[in-house]
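# Observations on the model geometry
The primary structure of each chain is shown beneath.
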Amino acid sequence: MDGREMSNAAKEFDTLVFAVNGERFELSDVDPSTTLLEFLRSQTRFKGAKLSCGEGGCGACDVLLSKYDPVLKQVENDKVNSCLTLLCSINGCSVTTTEGLGNSKDGLHPIHKRMAGFHASQCGFCTPAMCISLFSALVNAKNANRPEPPPGFSKLTVLEAEKAIVGNLCRCTGYRPIADTCKSFAADVDIEDLGINSFWKKGDCIEDKISKLPFYDPNDEICTYPEFLKDESKPLNFKRKSWTTPLTIEELQSLLEAGNGTRIKLVVGNTSTGYYKEQEHYDKYIDLRFISELSLIQRDHTGIEIGATVPISKAILALREEHEGELCSEAELVFQKIANHMEKVASGSIRNVASVGGNLVIAQRSHFPSDIATIFLAVKSIVSIMTGQKHEKLTLEEFLGRPPLDSKSVLLSVKILCWKSERKSFPSETETKLVFETYRASPRPLGNALSYLNAAFLADISSSKTGVLVNNIHLAFGAYGTKHAERARKVEEYLVGKVLTFGVLYEAVKLVEAAVVPEHGTSDPAYRSSLAVGFLFEFLLPLLDPDYSVTSDPYKFDDIGNPGLVSSAKQVVESSTEYYPVGKPIMKSGATLQASGEAVYVDDIPSPENCLHGAFIHSTKPLAWVKDVKFESKSLPDGVTDIISFRDIPKRGENIGCRTPYGDEPLFADDLTSYAGQPVAFVVADTQKSADVGAAMAIIDYDTEGLGPPILTVEEAFERSSFFEVPSHMYPAQVGDFSKGMSEADHKILSAEIRLGSQYFFYLETHTALAIPDEDNCMVVYSSSQCPEYIQTVIARCLGIPEHNVRVITRRVGGGFGGKIMKSMRIAVASALAAHKLRCPVRIYVNRKTDMIMAGGRHPMKMTYSVGFKSNGKITALHLDILINSGIAIDLSPILPGTIVDSLKKYDWGALSFNIKLCKTNHCTKTTMRGPGEVNATFIAEAIIERVASTLSMEVDFIRTKNLHSYESLNFFYEGIAGEPQEYTLPFIMDKLASTSSFEKRIEMTKEYNLCNKWHKKGIALVPIIHPCSMKPIPGKVSILWDGSVAVEVAGIELGQGLWTKVKQMTAYALSLIQCDGTKDFLDKVRVIQADSLSLVQGGSTSASTTSESSCAAVRVCCDILVGRLAPLKEKLQKQMGSVTWDDIILQAHSENVNLSASTYFVPDSNSMSYLTYGAAVSEVGFVIYRPVEVNILTGETRILRSDIIYDCGQSLNPAVDLGQIEGAFVQGIGFFMSEEYLSNSDGMVVTEGTWTYTIPTIDTIPKQFNVEVLNSGHHKNRVLSSKASGEPPLLLAVSVHCATRAAIKEARKQLCSWGGSEGSDSESTFFDLEVPATMPVVKELCGLNSVEKYLQFCASLAD
C-alpha cells in the first residue's frame, strides 16, 4: 500500500480504540482537548492515576502506555503523565494503571505487597503512581542484555530501581522506604541494606529474608498490550472534532495551507501545556507522530539527524549507541555527554513523549528555558524548517535568532554534527584534542526542575610543553533570563589563538560576566552571571597545564558522593510486647489498598447524576472595591451554568467560609476585596475543566476610590497598629528577670534582625469536596478535611439551616500538614452553597495554581533579638520582638506565641522575655502548618547560638552544649510539664547520638577535608530539640457485631499518619483483656470506619501530633467498658463450658441483650495533658562551589551527605509508623530550610504557582545516608501506654541541615578572605546570616559571587 492509499484508509478510521487494563474502549465522539487522565477519572472505574499538579511535575498521574510496533513486531512500554497525554493520541495503545497490576480480591502484585510491607505509603495519594513507575522499570528491564537475575528479583540494578521514581513527588514518607521497595527488586541489592519491613524479623538470615519477600517472577508479568489491539494501531481522523493525522509531509503541507483563519495545534507529546497552561480553544489538532520523515533518526559520518517528533528518551538512546568505525571516538564522547545531559531534562515520564523538535520550537517561539537548545547550540547543530512549500536549513543559532515561528512553519529535524579535533601542522610533541562539557545549575541534580543557567562548551585545543593553545571554542549559555540560548562570541574570539594562562582565564571570565546578563526582572541575576563565570572557569582550569588533574592539588575537585540517591540507611527500632499488638511495627492499615488504587479519596467518589463542578474566581488586588465580575462575551463561557457569589447566600444564612475559636472569615468578598487571592465568586459548570476555564476567563472590575493603601508588610502593620489580639490566657509567661540577666552579661548583641518566609503545604491531593443535597433540606458533604466538625457548623451557618441537617464525611485525606484544618472549610461551604442554590450535586477539585494562591501557608515573621552572654559562652538573657504576618483574618494565629516560646525554651537562656504581635495585613490568611511557630523558633534559637559562637570565636557545638538544660533549668522553663528527672532523656540522646554518629571523629575529618579542597566544603552540626505536646479531648465509639467483628469510630482523620493503624492495635489489645480463646489474631476483626460528623460529635481537628494518642485513649475507654460488660458472661460460660471463645461470648451477649456498643468523650486530665518530647540530629552537608569535572553537580548546590536522628517516642504504639513520621517530617523540614520558596508579588499575590517554581525535596535531594533510631525510653505513667507523639517534632530537627550548611559556608568565606576576597578581620569575614531557605543562589552569594575572580587574581599575584 503506497502513502496515498494509506492516507485514504486513515481518513476512514474515525473511531478511537484503546485499552485500559485489558478492557477495550471505542469512542467516536471525543473532544480533542480531553486528556487521558480526564477520561480515566470521569469515564472509567480506574481512579488510581491521580490529579495533583496537572503539569507533569509530580508524577501522581503516571500510567504505563504501551504501543505496538508492527515493523519490529514488538511492544514499547513507556511511563507517561496522563494529565498531559491527549486521549486522541493513544489510538491503538494500551494503558496500564495500578489497578491493572492486581487488587485485594483477585490478588495483589508483589509491587503492591512490598510497597505496603516496607511501610512506603502514608497518605497514599502518590502511591499508585509510584507502583506504576516501578512497574514500568521492571517491564523494560526484562529486555536488558544482562544475566538472568536470582529467583524473586529483576534485571534492574539498585541505581536504576531508585531512578524509577525520580520524577515522582511524595510529601509524607521522606522517600527512604519507597527507595527500599524499589531496591528490593534489584538483582544487585544487598538485602541487609533494606530497611524495616513487615516481612522478616530481626535476626533472620539472608536466605530467610529473601524467601519472605513477596515473590516476583519476571515471566509471570501482566500483559501490557492485549492481542485485540494489534490491528487497531492506525492513524485517527475525527472530522467533526478536528483531530487529523497526516502520514506524509505533503499531506501536512496541505492541511496547514488549508487552515487559513483557523487555530491549529500541532501535537506530538503535548507536554508544553504543562508549562504554559494554555486554555485557549483550537479549531484543529494535527498529530505529527505518524509522519515517518519526522520520526527518523539517521546516522552517518557527518553526524546524527534526529526527526522533530522523536521523543527525547529515544534521542538519548540513539546518542548512546556505539557504531564501531562509523564515528571517531571524540564524536562518540560528545554524543554521550549530550545524552547524559538530556537525561536531566524534565522527568522520565516527560522525556518518553516530549519531542526534541517540540522542545526547540517552544525555545524559539515562546522563549522556554531549554537545556537541549543550549547543548545543541554549542555543537553548531543544523535544523531543517518547512514553511509552506519552502524547505530550508539553518544553523540552530540562526533559527533561535529568527522571529517566532508562525503556525504554518514546521521544524522537520535537527542534525548534531560530528566533531573532531583539527590535526594541524603542529610539532610532533604537540597533542591536539577535542574537549566538550555540559553544565546545568538546578535545585534537583537528576532533573525535574528548571535550571538557573545551563551551558555547553566545545573546544579544540593543542597541548605542548609551552602550554595549551585554544584553536577553536564554542561557548553556549542558556536559561539565565534571556530569550534563548546564545553563544558568547566575544569570549570565543578572545580565547581563540591564545595560550591559556591565569591572566587569560581572568580576562575570559570578566568577558563572560559582561556577556551573560539576565534581562530585567529575572530572579537572582548576579547569581546566574556568576554561574556562567564558574562554568567557564571549571571548563578551562584543568586545561591550563597537563600536570593539573581534577584529583590533585592545587586544583582538587574531589567528589563528595555520586549524584543521586540514597546510598544507605539504617533504622533502629525497638518493638514492645507488653501491650500486644500495641508496640508491634505492623503494616499501616489500608496501605495495600492505597498501592492498588482501591483506596477511595474524595475525588475518587463517582459523580452523582446531574453533578456540576466548581472553581473559584479570586481577586488580584490587595484592597479594592469589586464593581463587577464579568466575561469578555456577554454570554457565559461554554459549559458554565452559573456564578455564585455572596449575593446567593440565603436570607437566613451568613457570608462565612471559615470558623475558628478566635474569629470567622467570609466565604466571598462582598463589595470589598481585602487581599489578592480572596475568593470573589464561584463558577459552576458541567465539568471541572469548564469550571477552571470559566474562572480563568472572568474579569473583575475594580475601583480603589476612597481606600487607603493596603498593609502588605509587618512594618506597615506595626506603624498603623494593625494587630490581632491574643487572648490573655494564651499568651505565654516571661521566664526569669531579663534586666538582671543582661546586667550579668560580659557581652551583648543588641537589636539583631532575622526574617523567615512562608512555606506551602504541598499535599499531593489539593482541596476537594462533593456536596449532595438530601431530603428535608439536608446536605451531605464529602470533604478532604482535618476538621469535619467545623465544616458542618460553617455550612449550617452559611445556608441558615440547623447543624443536624448537615452531614460531613471524611474517609481519608491525601496529605494535610495543617493545610486542611481551616482552609478546607471554604471549599466545602462553596460547594454546599452552590448545591443548595442549584438543587443538584456540586463538587470541586481545586487546581494546583488556585490552591497555592488560596492556601496562605506558614506564617512569615520578622524577629529582632537582644542577647547577653558571658565570656565562657553561657547565655544569661534573651529578649525577642516578633512580628508575625497573620494575613487578613485571625485563623489559628493566637496559638503561635505559645508554640514559638515553647520551642525557644529548648536552651537555657537564663532569662527569656518577648513581645510577640500578630499583624493583620492585606495578605491571604496564614494558617497552621506542621510545626506552626515551632520550626521558626527552632531556627531563631540556632541562629542566636551561632551568632554568640561567632562573636566569641568559639565552636558552635560548645555553645550549644554550654546552654543545654539541666533538669532544674528545664523545670524552671517548662514549669509543670517537665515530668520526672528520668524522663529528661535529651542529655542521654545527645551523648548517644554523638557516639553512634562518630560526631567528634567526623568533625576532625571535615576540618581536614576543608583544608584539602578549594572548591568543595563540608559542614557538620549536632542540634537538639525539645517539643511540648498536648493531648486533646476526642470522642470514640466501639461496636461489636454479631460475628464478633468490631467497628471503631474515632473523630481523628486518617491523613497518612497511621491513626487508624494505632487505633486498631489499641482496640485489639484492650478487647483482648477479656482473656478468652480466639483473640490472638484480633487485629483482623477490627475495622476503623470513616469519620461522620453526625455519628460522632465534638470531633475537633486532627492536628498537633497527638490525635492518634487521644483517639487510642478514647478507644481504650470504650473497650474497657465493653470488657466490663462481657466479663460476667465469660465467667458464666467458663463455668458451663470450660474453654470459651470470643465468638461464644458475643453470641451469648446478643442473646442476653447486652449493649455491645460503647462510646466516650475522652478528656485528658491535667496530669497527662501536656508533656515534652526530645530528639537530636547530626547532619553533614557538602556544597560545591564549583562542580567537579567528573560528576554533574553545579555551583552552589548543597548536598546532604548524611543525617543521623535519635527521637524519643516513649514506648511507641507502632515503631514502623512512628519511624515513617520521623523521616517524613525531617525531609519536609529540609524543604523549609533549604529549597521551598513561597513567593508573592508587590500586591501580595502568590507567584509560586506549581511544580515548575516550587521545589519540594525529591529522592535525589534527601540525605545520602539516612540513619534513624526510634528511642524506646521506657515507662511513662501519664502517657497513653507510655507513648509519645511523632508527627511534628522531628520536622524541627531539619534545622541541623541548615546549621551544617552554615558551617560549610563559613569555611568557604575564610578561604575567600585568604584570597583577599573580603575586607576586615577573619571573624568579620566569616560572620553572616544564612537565609531560609538556603537555596543555591543564597549559598553561592555567601561563598562569594566573585570567588573565581578573586582566586585568579590571587594566583596571578603568586605567579608575579
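Residues numbered from 1 in each chain as written. Predicted model: local features only at pLDDT ≥ 70, side-chain atom pairs only at ≥ 80, totals over all residues. Heavy atoms only, no water.

### Some details on the overall build of the protein
Counting its secondary structure elements, the protein contains 39 helices and 44 strands. A compact globule built from 1360 residues should have a C-alpha radius of gyration of about 34 Å, and the protein, at 32 Å, falls within 12% of that. The dimensions of the protein, computed from C-alpha atoms along their principal axes, are 105 × 85 × 80 Å. Looking at the protein as a whole, 63% of its 1360 residues qualify as buried. Within the protein, contacts between residues at least 6 apart in sequence are counted, and of these 78% link residues at least 24 apart. A distance of 1 Å separates the average location of the 135 positive side-chain charges in the protein from that of its 163 negative side-chain charges. (Helix = DSSP H or I, 4+ residues; strand = E, 2+ residues; numbered from the N terminus. Rg over C-alpha atoms; globule rule 2.2 N^0.38 Å. Buried < 20%, exposed > 50% of the residue type's maximum accessible area, 1.4 Å probe, protein only. Contact = heavy atoms within 4.5 Å. Lys, Arg positive; Asp, Glu negative; His and termini not counted. Charge placed at Lys NZ, Arg CZ, Asp CG, Glu CD.)

### A look at the nonpolar core
Counting residues in hydrophobic clusters, the biggest one holds 216 residues, and the most contacted among them are Phe682 and Trp909. Of all the elements, helix α27 (residues 934–952) adds the most residues to this core, at 11 residues. Residue contacts for Phe682: discarding those within four places in its chain leaves Gly614, Ala615, Phe616, Asp642, Ile643, Ile644, Phe668, Ala830, Ser831, Ala834, Val842 and Ile844. By size, the runner-up hydrophobic cluster in this structure holds 74 residues, among which are Phe25, Phe39, Ile338 and Leu405. (Core = buried A, V, L, I, M, F, W, Y, C linked by side-chain atoms within 4.5 Å.)

### Focus on the side chain of Glu1180
Within the fold, Glu1180 resides in strand β42 (residues 1170–1184). With a relative accessible area of 9%, Glu1180 lands in the buried category. There is a polar contact of 3.0 Å between the side chain of Glu1180 and the side chain of Arg1002. Filtering out sequence-adjacent residues up to four positions away, Glu1180 remains in contact with Arg1002, Thr1006, Lys1018, Gly1019, Ile1020, Arg1199, Ile1200, Leu1201 and Arg1202. (Polar contact = N/O pair within 3.5 Å; in protein donor to acceptor, adjacent residues only side chain to side chain.)

### Notes on the packing of aromatic side chains
Considering all chains together, one arrives at 43 aromatic pairs under this definition. Relative to Tyr1254, the ring of Tyr760 lies with its centre 5.8 Å away and its plane at 80°, an arrangement referred to as edge-to-face. Of the two residues, Tyr760 is situated in the loop between β28 (747–756) and β29 (768–774) and Tyr1254 in the loop between α35 (1215–1235) and β44 (1265–1271); the sequence distance between them amounts to 494 residues. Seen from their ring centres, Phe761 and Tyr763 are 5.7 Å apart, and the 5° between their planes marks the pair as stacked. (Phe/Tyr/Trp six-rings, centres within 6.5 Å; stacked < 30°, edge-to-face > 60°.)

### Details of the confidence of the model for the protein
In this model, the protein carries an average pLDDT of 92, and 95% of its residues clear a pLDDT of 70 or more. This model gives residues 1–12 a pLDDT under 50, and the stretch forms 10 contacts once residues within four places in sequence are excluded. Within the model, the stretch residues 1186–1194 combines pLDDT values under 50 with 48 contacts to residues more than four positions away or in other chains. (pLDDT = per-residue confidence, 0-100.)

### Examining helix α4 (residues 127–141)
Between its first and last C-alpha, α4 extends 21 Å over 15 residues, near the 21 Å set by a 1.5 Å rise per residue. The element α4 is largely enclosed, with a buried count of 14 among its 15 residues. (Expected span 1.5 Å × (residues − 1).)

### A few points about the state of the cysteines
Counted by the stated rule, this structure contains zero disulfides. Sulfur of Cys1343: no disulfide; nearest cysteine sulfur belongs to Cys1313 and is 14 Å away. A relative accessible area of 3% means that Cys1343 is categorised as buried. (Disulfide = S-S within 2.5 Å.)

### Section: the sheet that holds strand β37 (residues 1034–1040)
Strand-to-strand pairing in sheets goes through backbone hydrogen bonds, with the strands running parallel or antiparallel. Strand order across the open sheet formed by four strands is β39-β38-β37-β41, with mixed pairing between neighbours. Unpaired on one side and paired on the other, β39 (1086–1088) and β41 (1157–1162) mark the two borders of the sheet. Here the average twist between neighbouring strands, direction ignored, is 15°. (Pairing = 2+ DSSP bridges. Axes fitted to C-alpha atoms, helices over the stretch in contact; angles between N-to-C directions.)

### Some remarks on the pairing of strand β32 (residues 842–845)
It is a general feature of regular strands that their side chains alternate between the two faces of the sheet. Side chains Val842 and Ile844 project from β32 onto one buried face, and the interleaved Arg843 and Tyr845 project onto a second face that is buried too. For strand β19 (residues 612–618) and β32, the ladder comprises two bridges, and the chain directions are parallel. Note that in β32 the partner of Leu612 across the bridge is Val842. Taken together, the four bridges between β29 and β32 define a ladder with antiparallel strand orientation.

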